[in-house]
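# Observations on the three-dimensional arrangement
Here is what each chain is made of, one letter per residue.
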Amino acid sequence: MGVLSVPYFLAVFAVTAVVGLLTSWVDRKVTARVQARVGPPWYQPFADFVKLLGKETLVPKGSRQKGFLVAPLVGLVGVALGAAVLVSGGILNGSQQGFVGDIVVFLYLLTIPSAALILGAASTGNPMASVGASREMKLLLGYELPFLIVVLTAVYKAQSSFRIGDVVAYQMDNGIFIGSISGVIGFIVAILCIQGKLGLVPFDAPEAEQELMGGVLTEYSGVPLALFKLTKAMMLSVLAVFVAVIFFGGMRFASWGILWSILKYLVPIVLVVLIRNTNPRLRIDQIMKVFWGPLTVLALIGLLLAWVGY
Amino acid sequence: MALSPCNNCDIEILDALTPRFDVERFGIKLVGSPRHADALLVTGSINRHVLPRFVELYKQTAKPCVVFSIGSCSLSSTMFRDTYSIIGPLDKVVRQIDPNAIIAYVPGCPPKPEAIISGVVKALGTL
């Protein structure tokens, strides 16, 4: 099945959406347990999503209406296409189904939701949202650099193959990358970059609820807001699967492989949630310093170690 | 939304949001923008000065939303009802802006956090 066949795309989209919403429940539940609370029931994200679909969509006066309403759709399609490329790349069985360079396409597709967020926020005409949009732009520039170096490390270790299937297949034959020093370094940096990609504390300056009242999302309500929330939830699940692919050797859904795959999927998510619950928010200039300073250096050290053979 | 309250009800609302009461069990969350809100918790007796702000905020909230009249002041203006600046109980004011508004009442001076949560959950049940 090709990436571009419509039924395949829709199937991946539906599965990713359901898994993503369930994952956002895991996020909320773990957060609640950290704060010594009981937390919401498992269907809460679904209930919230359906509720938002039924709400009124307010379009603020003085906004660019088409840009405002199209942006959430663009972001959703971006992450859904990313999921389709990732799944067709052979993460499920390590087969060589993908195309050469699908890992690059995937990385580009994952920046589309951030771009859509910037587009949507900038077209509202709200000062809070435009401050949020400018921060989101800086954040995007910040985390992309170390994240790309980390992905490059994994690609280099898999004998310089830019195919997701090859990265998985290499790990099946030669042991998973998290078992090496460069793999551990890459994993740490990747988790922090994911934190930035999802806009979670400590890198949630674009959404900063206390100072910017939701920042980029300030003016969104109803269906567009539901789409943005769905995009965020899907991003969380897609990025966790991607981490499992480049460090834990992919996922297999056969006999005990199912449990292993679920564990591989949950480890990055729980780590991300714990970091988010135990850290204060950084200022945008501090975020840039963290990403372009220590994290980039760490990622480069990982790349060098991979080159030397560790 | 604090419309000239004595801050007592506001503190009880903040209490209701603490981990001890864990309102996320019912799917209740504090949001930063009225666009994301489903419930407006209003405290205090409305006076002429804050009315335009209230109207603006009510219009910015995505419908359907529930307006919660929290505390005796917003229910009945209590001892301030004859004051020159007070324009009456909350439900009358809301009905003037939007005749189809959904209004829930939580009496008390101030109401306990348990009462506020119970009111919100009951309102959710009727929607």
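Glancing now at the overall build of chain B. For chain B, the helix and strand inventory stands at five helices and three strands. When the helices and strands of chain B are read in sequence order from the N terminus, they spell out α-β-α-β-α-α-β-α. Against the globule reference of 14 Å for 127 residues, chain B gives a C-alpha radius of gyration of 14 Å, in line with a compact fold. Counting only C-alpha atoms and orienting by the principal axes, one finds that chain B spans roughly 45 × 30 × 25 Å. Taken over 127 residues, chain B has a buried fraction of 35%. Long-range contacts, defined as pairs at least 24 residues apart, comprise 79% of the intrachain contacts of chain B with a sequence gap of at least 6.

This next bit is on the overall build of chain A. Scanning chain A for helices and strands turns up eleven helices and zero strands. Starting at the N terminus and walking to the C terminus, you meet the elements of chain A as α-α-α-α-α-α-α-α-α-α-α. A globule of 310 residues ought to have a C-alpha radius of gyration of about 19 Å, and chain A, at 19 Å, matches this closely. Dimensions of chain A, computed from C-alpha atoms along their principal axes, come out at roughly 60 × 45 × 40 Å. The proportion of buried residues among the 310 residues of chain A is 51%. Contacts in chain A between residues at least 24 apart in sequence constitute 80% of all its contacts with a sequence separation of at least 6.

On to the pairing of strand 1 (residues 39-43) of chain B, then. Residues and elements named next belong to chain B. For strand 1, a buried count of four out of five residues is recorded, marking the element as mostly surrounded by other parts of the structure. Sheet topology places strand 1 next to strand 2 (residues 66-70); five bridges connect them, and they run parallel. Among the inter-strand pairings, Leu 41 is bridged to a residue of strand 2, identified as Phe 68. In this region the chain leaves strand 1, passes through helix 2 (residues 51-60) and returns to the parallel neighbour strand 2; the handedness of that crossover is right-handed.

This part is about the confidence of the model for chain B. The predicted model of chain B has a mean per-residue pLDDT of 84, with 98% of residues at 70 or higher. The ipTM, which scores confidence in the relative placement of chains, is 0.79 for this predicted complex, and the corresponding pTM is 0.86.

On to the environment of A:Val223. Residues and elements named next belong to chain A. With respect to the element layout, Val 223 can be found in helix 9 (residues 222-248). The exposure class assigned to Val 223 is partly exposed, which follows from the 17 C-beta atoms found within 10 Å. Between the alpha carbons of Val 223 and Pro 280 there is a distance of 31 Å; along the sequence they are 57 residues apart. The contacts of Val 223, once residues within four sequence positions are left out, are Leu 52, Leu 53 and Thr 57.

Ranked by internal contacts, the top residues of the largest apolar core, which has 90 residues, are A:Ala83, A:Leu86, A:Val150, A:Val167, A:Val238, A:Val243 and A:Ile246. Take this core: its biggest share by element is 20 residues, from helix 9 of chain A. Judged by nonpolar contacts, the second largest core, of 22 residues, contains B:Cys9, B:Ala16, B:Leu40 and B:Val67.

Another point: the sheet that holds strand 2 of chain B. All names here are of chain B. Reading across from one edge, 1-2-3 is the order of the three strands in this open sheet, with parallel pairing throughout. Each edge of the sheet is formed by a strand with only one pairing partner; in this case those strands are strand 1 and strand 3 (102-106). In this sheet, neighbouring strand axes are inclined to one another by 25° on average, regardless of whether the strands run parallel or antiparallel. Against the sheet, helix 5 (residues 113-126) engages strand 1, strand 2 and strand 3, with an angle of about 150° to strand 3.

Glancing now at the packing of helix 1 (residues 6-34) of chain A against helix 10 (residues 257-277) of chain A. All names here are of chain A. At their nearest, the axes of helix 1 and helix 10 sit 10 Å apart, and the two run at 45° to each other. One finds that helix 1 runs oblique with respect to helix 10. In terms of crossing hand, the pair formed by helix 1 and helix 10 is right-handed. Between helix 1 and helix 10, the contacting residues are Thr 23, Val 26, Asp 27, Val 30, Thr 31 and Val 34 on the first element and Ile 269, Val 270, Val 273 and Asn 277 on the second. Broken down by class, the residue content of the contact of helix 1 with helix 10 amounts to six nonpolar, three polar and one charged.

Put simply, an interface is often sized by how much accessible area is lost when its parts join up. In this assembly, 23 residues from chain A lie in contact with eleven residues from chain B. If you list the elements that add at least two residues to the side of chain A that touches chain B, you get helix 1, helix 2 (44-53) and helix 9 of chain A. Here the side of chain A that touches chain B takes three residues from helix 2 of chain A, the largest share from any one element. Taken together, the residues that form the side of chain A that touches chain B break down as nine nonpolar, seven polar and seven charged.

Our next topic: the packing of helix 9 of chain A against helix 10 of chain A. Residues and elements named next belong to chain A. Direction vectors running N to C along helix 9 and helix 10 enclose 115°, while the axes themselves pass 8 Å from each other. Judged by the angle between their axes, helix 9 and helix 10 are roughly perpendicular. Two packed elements cross with a definite hand, and for helix 9 against helix 10 that hand is right-handed. Where helix 9 abuts helix 10, its residues Leu 236, Ala 240, Val 241, Val 243, Ala 244 and Phe 248 lie against Lys 264, Tyr 265, Pro 268 and Ile 269.

Rules of the game
- Residues numbered from 1 in each chain as written.
- Chains lettered and ligands numbered in written order.
- Predicted model: local features only at pLDDT ≥ 70, side-chain atom pairs only at ≥ 80, totals over all residues.
- Helix = DSSP H or I, 4+ residues; strand = E, 2+ residues; numbered from the N terminus.
- Rg over C-alpha atoms; globule rule 2.2 N^0.38 Å.
- Buried ≥ 20, exposed ≤ 12 C-beta atoms within 10 Å, placed from the backbone.
- Contact = placed C-beta atoms within 7 Å.
- Pairing = 2+ DSSP bridges.
- Right-handed = clockwise from strand over helix to strand, strands pointing away.
- pLDDT = per-residue confidence, 0-100.
- Core = buried A, V, L, I, M, F, W, Y, C linked by C-beta atoms within 7 Å.
- Axes fitted to C-alpha atoms, helices over the stretch in contact; angles between N-to-C directions.
- Parallel < 35°, antiparallel > 145°, perpendicular 65-115°, else oblique.
- Left-handed = near helix turned anticlockwise from the far one by under 90°.
- Nonpolar A, V, L, I, M, F, W, Y, C, P; charged D, E, K, R; others polar.

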